[in-house]
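# Per-entry structural report
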Amino acid sequence: MGIDAVRAEVTDEVAERRREQRGWYFYDWACSVYSTSVLTVFLGPYLTSVAKSAADADGFVHPLGIPVRAGAFFPYAVSLSVIVAVLAMPLVGAAADRTGRKKPLLAAAAYLGAAATTGMFFLDGERYLLGGALLVVANAAQSVAMMLYNSYLPQIAPPEERDAVSSRGWALGYAAGALVLVANLVLYLAHDSFGVSESTAVRICLASAGLWWGAFAVIPLRRLRDRRSPAREAALPGRRQLAATLRDMRRHPLTLAFLLAYLLYNDGIQTVISQASVYGSEELGLEQSTLIVAVLLVQVLAVAGALALGRLAHRYGAKRTILGSLVAWTLTLGAGYFLPAGAPLWFFVLAAGIGLVLGGSQALSRSLFSHLVPPGKEAEYFSAYELSDRGMSWLGPLLFGLTYQLTGSYRDAIISLVVFFVLGFVLLARVPVRRAIRDAGNPVPDRI
């Protein structure tokens, strides 16, 4: 083969890789709307109101004959969805690696989640059981789909490109979340002008997230391609597969050490995201409209933050950049402790600080972990990563709640979360990532 032919072949490979990467970005664009509009803003309050309308005189609903306080129905449904996802992800991940056919599984999970989300349009009256069932299906499907989506990263990007590719995906996801949330809020706040009730406006917002998810999922499904995997043993059922995955990971203790560090600091990140609105409303006395604007601000600045931290990682390495972001998280929480009540401007400053480090710390954690995954086990290992992301994020809310219960102060509760970032920093700093990458059987990038 001549030099020109070799160059042409290399050029074609690079063009195909770029095309696949651009398709991969669009799954973040497709599914992030569900996380922002459905889970973060609209579904919790609306499903709780539906459950309360179906409650008895004592304020209880009775799914499957079990008495549940109406106000607790939504968090219980979220918890059940996490349990379903925890059982499904290792099984689906091992099957994806064994067969090399990730794309059909990604399509099944994505469209199951999109269909369940679209079906939330029919959540009215006293149909709280329908809402709970759709939430469990949508949330579990989203977790499984994200696990499969993330596992493509080491296959579509060489080591030196992964930080940038991961950051662009996160940035595109936050951009979509902000764009659709603005449209949803226009409909919700001006529903009378559009001739619909408030309830109908919320149901349209919920269903639109499912339609958006399904429509844009077509792009990655057209561009991503399956790769043949070496023959492996059949996936085991249920909990046995999860146990087998964890046993295999014990052969890579440095990968497990990174996951432990990630579990801790990501738990802190997820708790800040979920409890910031409580802190703003209960401790600072801010209006709901102020909190919604803060959510939008976080979404918009997370786009810039993800791209900026991706560039910093290119210069200083992903590990150092993540460590720097954990310092920024700690300083942001410290500043949040001293925020004056009834001052929206300072709360917006806090939201800006969160947004600037949020996307980057998540994107770079994903790309760094991709280097620590043994070849041929991408989906299986990313099921453990996604499990750390979604299935284990209960310690932060527990500490937040216990601190508030003991002190009666949301300021003390928010500052208590610093422990997750400090411990995560210490554990991550101790992980020799170059040796961890070599032990996993992967090439070590020049800068990591």
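Before reading on, note that the structure itself is shown above.
So, here's what we can say about the structure. (Residues numbered from 1 in each chain as written. Predicted model: local features only at pLDDT ≥ 70, side-chain atom pairs only at ≥ 80, totals over all residues. Heavy atoms only, no water.)

The end-to-end C-alpha distance of helix H12 (residues 318-337) is 29 Å, a good match for the 28 Å that 20 residues give at a rise of 1.5 Å each. Inspection of H12 places Ala318, Lys319, Thr321, Ile322, Leu323, Ser325, Leu326, Trp329, Thr332, Leu333 and Gly336 among the buried residues, and these make up the whole buried set. (Helix = DSSP H or I, 4+ residues; strand = E, 2+ residues; numbered from the N terminus. Expected span 1.5 Å × (residues − 1). Buried < 20%, exposed > 50% of the residue type's maximum accessible area, 1.4 Å probe, protein only.)

Below, the discussion takes up a positive patch on the surface. Taken together, the side chains of Arg315, Arg320, Arg434, Arg435, Arg438 and Arg447 define a basic patch exposed on the protein surface. With three residues, helix H18 (residues 433-439) is the single largest residue contributor to the positive patch. Relative to the elements of secondary structure, arginine 315 occurs in helix H11 (residues 288-316). (Patch = residues over 30% accessible without salt bridge, like charges linked within 9 Å, V, L, I, M, F, W, Y side chains within 5 Å. Areas by Shrake-Rupley, 256 points an atom, 1.4 Å probe, with all protein chains shown as cover. Salt bridge = Lys/Arg side-chain N within 4 Å of Asp/Glu carboxyl O. Lys, Arg positive; Asp, Glu negative; His and termini not counted. Charge placed at Lys NZ, Arg CZ, Asp CG, Glu CD.)

Turning next to a nonpolar patch on the surface. Taken together, Val327, Leu331, Val422, Phe425 and Val426 make up a surface patch of nonpolar side chains, about 400 Å² in accessible area. Those elements giving two or more residues to the nonpolar patch turn out to be H12 and helix H17 (418-429). Residue position: leucine 331 is located in helix H12.

A few words on the packing of aromatic side chains. Considering all chains together, one arrives at 23 aromatic pairs under this definition. Residues tryptophan 24 and tyrosine 149 carry aromatic rings whose centres are separated by 4.4 Å and whose planes lie at 15° to one another, so their mutual orientation is stacked. Placement of the pair is tryptophan 24 in helix H1 (residues 3-53) and tyrosine 149 in helix H4 (residues 128-151), with a sequence separation of 125 residues. Across the pair, exposure class does not vary: tryptophan 24 and tyrosine 149 are buried alike. Ring geometry for tryptophan 170 against tyrosine 174: centres 5.9 Å apart, planes inclined by 25°, an arrangement best described as stacked. (Phe/Tyr/Trp six-rings, centres within 6.5 Å; stacked < 30°, edge-to-face > 60°.)

As a packed pair, helix H2 (residues 73-99) and H4 sit with axes 8 Å apart at the nearest point and diverge in direction by 35°. As H2 packs across H4, the resulting crossing turns out to be right-handed. Considering only residue class, the contact of H2 with H4 consists of 18 nonpolar, five polar and no charged. (Axes fitted to C-alpha atoms, helices over the stretch in contact; angles between N-to-C directions. Left-handed = near helix turned anticlockwise from the far one by under 90°. Nonpolar A, V, L, I, M, F, W, Y, C, P; charged D, E, K, R; others polar.)

None of the figures reported here should be taken as evidence of function without further support.
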